[in-house]
Number of protein chains: 2
Amino acid sequence: MATIDDVAKTAGVSASTVSYVLSGKRPISGPTRARVERAIEKLGYRPHAGARALASARTNVIALMAPLRVGVNVPVIMQFVTGVVTRARDFEHDVLLLTQDDVSGLDRVTGGSMVDALVMMDIEADDPRVPLVAAAKQPAVLVGLPEDPEGLSCVDLDFEAAGRLAVRHLAATGHTDVALIGSPPEVLRRHTSYAERLMRGLRSQAQASDVTVRVEACDSSPSGASQAVDTLLATAPDTTGIIVHNEGALPHVLSRLAERGIAVGTDMAVVAVCPKDVALAQRIPMTSIDLPAEDIGRVAVDMVMTRLDGDQPSETRLLAPVLTERESSTPGPAADG
Amino acid sequence: MATIDDVAKTAGVSASTVSYVLSGKRPISGPTRARVERAIEKLGYRPHAGARALASARTNVIALMAPLRVGVNVPVIMQFVTGVVTRARDFEHDVLLLTQDDVSGLDRVTGGSMVDALVMMDIEADDPRVPLVAAAKQPAVLVGLPEDPEGLSCVDLDFEAAGRLAVRHLAATGHTDVALIGSPPEVLRRHTSYAERLMRGLRSQAQASDVTVRVEACDSSPSGASQAVDTLLATAPDTTGIIVHNEGALPHVLSRLAERGIAVGTDMAVVAVCPKDVALAQRIPMTSIDLPAEDIGRVAVDMVMTRLDGDQPSETRLLAPVLTERESSTPGPAADG
DNA sequence: CTGAAAGCGCTAACAA
DNA sequence: TTGTTAGCGCTTTCAG
């Protein structure tokens, strides 16, 4: 492999000039630049990342901690990762992938100066990684909200607003008895705050709009979904609007409703909280509040990059939810008259 | 951050001794080792990755090129990535994630010595990345089979054997008219060889077992799946066994069959080629040939690690398919008598 | 506008 | 069993 000295030699300049041509950190005359570039081209020169990191204290790599366990949210995670990776490239950064549970990985990449910054997905209320990352010398942004973000930056969908929005939509279309089919019990137990935030929004808007909200936890399996639907219809037969916040269960919820002869869109309004493509991949195009995973990933990278140079103060960004009406929700019973 | 010299100083030894304690590349006396370890602990010392890479020409990072486009195979990809990341950790390596289409990323990480090795997913028959990676100084393993693997190592499920296995299973349970509901047309156009290999196996075994096989390409959308089912039943009404090799379409295929009053498992045997968890997440537990994505990822890492030190010759490993009988397939018509 | 030279923090001969 | 020392390839003062 050619080194910077090789390039310097064949261009007839000093190594530092080559370096400055590459970094643009000082003005270079046209002819000199041209000769250097020709030499680089000719030799197929690539700066050695390790040497660069050593000399400049910059790796041009960010770490991404993602929950790689198999499960419900796989599409969301993938979209998020995609957003992070593509946006990182816009800043000339690559992405080092860590699994959520590799807590020691945090220390490794951080202390070993393997990365310039960190993005951590799927933050739980009382997440053990939060204190670790707060102590790191690299900036970090969390996706999700921990109990105490003490000086850390966070991004997420504004789930509370999403909850309000969903209820407002159903209320506006005449529904007075609505229900949430939500996350699996284990998610709730883990205190991933988004579920709680959604419910808070749901409840506050329910009160404001004078509708009742029943909440049903729901396993993502076919049987879990069927059970949730059956329980709901048994205990709250007046329900005319359902909010589903569980991608894995969504198709099965719809199947179950179909099996029971309930026509989604006419007999029952259904609003999903999920990525757009998931909403569109159902048997009926779903009215949905988009979970803009890729956007969130992009924003996370933007935030972390901002913090790379200047020491911006920490901030929390909650993206405003957007509801798109599709065939699964139509004016409800009270609006019929 | 503490450096190796700091550690050496507080342990009262030389830097090289610290280095050797860490690497284990030469014997160290008990007491010395103890003092060094104490110093490391006390200072919270972490070797600087860049410095290490520069001095040793090892980064302890491997690159993984994965197709991050959204689509059908998301669960498979995630499982695969998980396999790679966790196995890499067993070899003290981290994973740098590149997107499939970032072809220049290959050059960047390779030429810049950012990684020790490469794993590339989803290789197509005439993949433009193959010559690039063949020219790299780092070893690589491909997941999938290119047209010409010229000296490169590959892993994949043995799809040809899987095709044979599926047909053999259906034939053995009495079916004589079977069909494949396969990948979307665009996948076939991309010449991802697995689809072709599966069909080859299907056809050869069909001939051997004296059964007919009809092939239906199938878009992964609900409507695409319905259409495939409808076309199939219209043009080949005698079909009693279906092989589905399209995870995204699978639930919709099953729904469509249900809608048409065809009972999967009794009226129609269905064999899926998909990950186990997908097979189990359907309305009926599916007889399936497992797509062991996580295993493949693990094997890919094993192979690439082997090639890191000694220059092992290149090899291609095709994992033997395993069929698990579940409720979606039962003895067919001919076996009834 | 360009060069010379001093490190960045580590590894691995070479010496003892 | 341990220490000394010469780089690894780059960035960035400092000088001109």
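Residues numbered from 1 in each chain as written. Chains lettered and ligands numbered in written order. Predicted model: local features only at pLDDT ≥ 70, side-chain atom pairs only at ≥ 80, totals over all residues. Heavy atoms only, no water.

**Quick look at the protein's contact with DNA strand C**
Here is step 1: Taken together, 27 residues lie near DNA strand C, and Thr17, Arg26 and Thr32 of chain A together with Ile4 and Tyr45 of chain B sit nearest.
Here is step 2: Taking the atoms of DNA strand C that fall within 4 Å of the protein, sugar and phosphate contribute 57% of them.
Here is step 3: For DNA strand C, a phosphate oxygen lies 2.8 Å from a polar atom in the side chain of Ser19 of chain B.
Here is step 4: The contact in question runs from a base nitrogen of DNA strand C to an N or O atom on the backbone of Ala51 of chain B, over 3.4 Å.
Here is step 5: If you list the elements that add at least two residues to the surface near DNA strand C, you get helix H2 (15-23) and helix H4 (49-56) of chain A together with helix H2 (15-23) and helix H4 (49-56) of chain B.
Here is step 6: A total of four residues in the surface near DNA strand C trace back to one element, the largest contributor, which is H4 of chain B.
Here is step 7: Of the residues contributing to the surface near DNA strand C, the split by class is eleven nonpolar, eleven polar and five charged. (Near = heavy atom within 4 Å. Polar contact = N/O pair within 3.5 Å; in protein donor to acceptor, adjacent residues only side chain to side chain. Helix = DSSP H or I, 4+ residues; strand = E, 2+ residues; numbered from the N terminus. Nonpolar A, V, L, I, M, F, W, Y, C, P; charged D, E, K, R; others polar.)

**Description of the pattern of salt bridges**
Residue and element names in this part refer to chain A.
Here is step 1: The final tally for this structure, using the stated rule, is 35 salt bridges over all chains.
Here is step 2: The shortest N-O distance in the salt bridge between Arg129 and Asp127 comes to 2.8 Å. Across this residue pair, the class does not change: Arg129 and Asp127 are buried.
Here is step 3: Its salt-bridge partner being Glu160, residue Arg200 comes within 3.1 Å of it at the nearest N-O pair. Here Arg200 is found in helix H10 (residues 193-209), whereas its partner Glu160 is found in helix H8 (residues 159-172), with 40 residues between them in sequence.
Here is step 4: Under the relative-accessibility criterion, Glu160 is labelled partly exposed at 24%. (Salt bridge = Lys/Arg side-chain N within 4 Å of Asp/Glu carboxyl O. Buried < 20%, exposed > 50% of the residue type's maximum accessible area, 1.4 Å probe, protein only.)

**Let's talk about the sheet that holds strand S8 (residues 241-244) of chain A**
Sheet strands line up and pair through hydrogen bonds in the backbone, either parallel or antiparallel.
Residues and elements named next belong to chain A.
Here is step 1: With mixed pairing, the six strands of this open sheet are ordered in space as S7-S6-S8-S9-S10-S12. The open sheet has two free edges, formed respectively by strand S7 (212-216) and strand S12 (323-324), since each of these has just one partner strand.
Here is step 2: Where strand S6 (residues 177-181) and S8 come together, four bridges link them in parallel fashion. For Val178, the partnering residue across the bridge sits in S8 and is Gly241.
Here is step 3: The strands that helix H11 (residues 222-235) touches are S6, S7 and S8; relative to S7, the one it contacts most, it runs at about 145 degrees. (Pairing = 2+ DSSP bridges. Contact = heavy atoms within 4.5 Å. Axes fitted to C-alpha atoms, helices over the stretch in contact; angles between N-to-C directions.)

**Quick notes on the UniProt feature "domain: HTH lacI-type" (unreviewed entry) in chain A**
Here is step 1: In the numbering used here, UniProt assigns the "domain: HTH lacI-type" (unreviewed entry) feature to residues 2-56 of chain A.
Here is step 2: For residues 2-56 of chain A, the end-to-end C-alpha separation is 20 Å, with 71% helix and 0% strand making up the annotated structure. (UniProt positions renumbered as here; feature names shortened; annotations may be inferred.)

**Remarks on the interface of chain B and chain A**
By a widely used convention, the size of an interface equals the accessible area lost when the partners come together.
Here is step 1: Between chain B and chain A, the contact holds 43 residues from the first and 43 residues from the second.
Here is step 2: Here chain B packs against chain A, burying approximately 3,600 Å² in sum over the two surfaces, 66% of which is carbon and sulfur.
Here is step 3: On the chain B side of the interface with chain A, the three residues burying the most area are Arg46, Met78 and Leu97 of chain B, jointly 16% of the side's total.
Here is step 4: Our count for the chain B to chain A interface comes out at four salt bridges.
Here is step 5: In this structure, Arg46 of chain B and Asp107 of chain A form a salt bridge, with 2.9 Å as the shortest nitrogen-oxygen distance.
Here is step 6: At nine residues, the largest contribution of residues to the side of chain B that touches chain A is made by helix H5 (residues 74-90) of chain B.
Here is step 7: Partitioned by chemical class, the residues of the side of chain B that touches chain A number 24 nonpolar, eleven polar and eight charged.
Here is step 8: Here strand S2 (residues 94-99) of chain A runs beside strand S2 (residues 94-99) of chain B; their pairing, made up of three bridges, is antiparallel. Following the sheet pairing, Leu96 of chain A is matched in S2 of chain B by Leu96 of chain B. (Buried area = accessible area lost by both parts, 1.4 Å probe.)

**A few points about the relation of the copies chain B and chain A**
Here is step 1: Taken as rigid bodies, chain B and chain A are interconverted by a rotation of 180 degrees and an axial shift of 0.0 Å, the fit giving an RMSD of 0.1 Å. Seen this way, the second copy is the image of the first under a two-fold rotation axis.
Here is step 2: When the interface residues of chain B are mapped onto chain A, 100% of them are again interface residues, pointing to one common binding face. (Least-squares fit on C-alpha atoms with pLDDT ≥ 70 in both.)

**Some remarks on the packing of aromatic side chains**
All names here are of chain A.
Here is step 1: On inspection of all chains with the given rule, the structure shows two aromatic pairs over all chains.
Here is step 2: Taken together, a centroid distance of 5.3 Å and an interplanar angle of 35 degrees make the contact between Phe159 and Tyr194 tilted. Here Tyr194 lies in helix H10 and Phe159 lies in helix H8, a separation of 35 residues in the sequence. Tyr194 carries the same exposure label as Phe159, and that label is buried. (Phe/Tyr/Trp six-rings, centres within 6.5 Å; stacked < 30°, edge-to-face > 60°.)

**Comments concerning unusual backbone geometry**
Negative phi characterises most residues that are not glycine, and trans characterises most peptide bonds.
Here is step 1: Even without being a glycine, Ala57 of chain A presents a positive backbone phi close to 60 degrees.
Here is step 2: Phi is positive for Asn60 of chain B, which is not a glycine, with a value near 60 degrees.
Here is step 3: The residue Asn60 of chain B is located in the loop between H4 and strand S1 (61-66) in this model.

**Brief notes about helix H11 (residues 222-235) of chain B**
Residue and element names in this part refer to chain B.
Here is step 1: The first and last C-alpha atoms of H11 sit 20 Å apart over 14 residues, in line with the 20 Å expected at 1.5 Å per residue.
Here is step 2: Buried residues of H11: Pro222, Gly224, Ala225, Ser226, Ala228, Val229, Leu232 and Leu233, and no others.
Here is step 3: Structurally, H11 contributes buried residues whose contacts are with strand S6 (177-181), strand S7 (212-216), strand S8 (241-244) and helix H12 (250-259). (Expected span 1.5 Å × (residues − 1).)

**Let's talk about the sheet that holds strand S11 (residues 316-319) of chain A**
Here is step 1: Ordered in space as S11(A)-S5(A)-S4(A)-S3(A)-S1(A)-S2(A)-S2(B)-S1(B)-S3(B)-S4(B)-S5(B)-S11(B), the twelve strands form an open sheet in which the pairing is mixed. Strands at the two margins of the open sheet, each flanked by one partner only, are S11 of chain A together with strand S11 (316-319) of chain B. If you compare each strand with its neighbour and ignore which way they point, the axes differ by 20 degrees on average.

**As for the domain arrangement of chain A**
Residue and element names in this part refer to chain A.
Here is step 1: What the domain assignment reports for chain A is domain 1 (4-47), domain 2 (61-157 + 294-319) and domain 3 (159-291 + 323-335).
Here is step 2: Listed by partner, the interface residues are 15 residues for domain 2 and 15 residues for domain 3.
Here is step 3: Roughly 1,300 Å² is buried in total at the junction of domain 2 and domain 3, and carbon and sulfur atoms are behind 50% of that figure.
Here is step 4: On inspection of domain 2 and its partner domain 3, the count reaches one salt bridge.
Here is step 5: Among the ionic pairs, Asp156 bridges to Arg197, the shortest N-O distance being 2.5 Å.
Here is step 6: Applying the counting rule to domain 2 against domain 3 returns five residue pairs in polar contact (both at pLDDT 80 or more).
Here is step 7: At the level of elements, helix H5 (74-90) and strand S5 (153-157) are the ones that each hand at least two residues to the side of domain 2 that touches domain 3.
Here is step 8: Considering each element in turn, the side of domain 2 that touches domain 3 owes the most residues, three residues, to H5.
Here is step 9: The residue inventory of the side of domain 2 that touches domain 3, partitioned by class, reads eight nonpolar, three polar and four charged. (Domains from an automatic or database assignment.)

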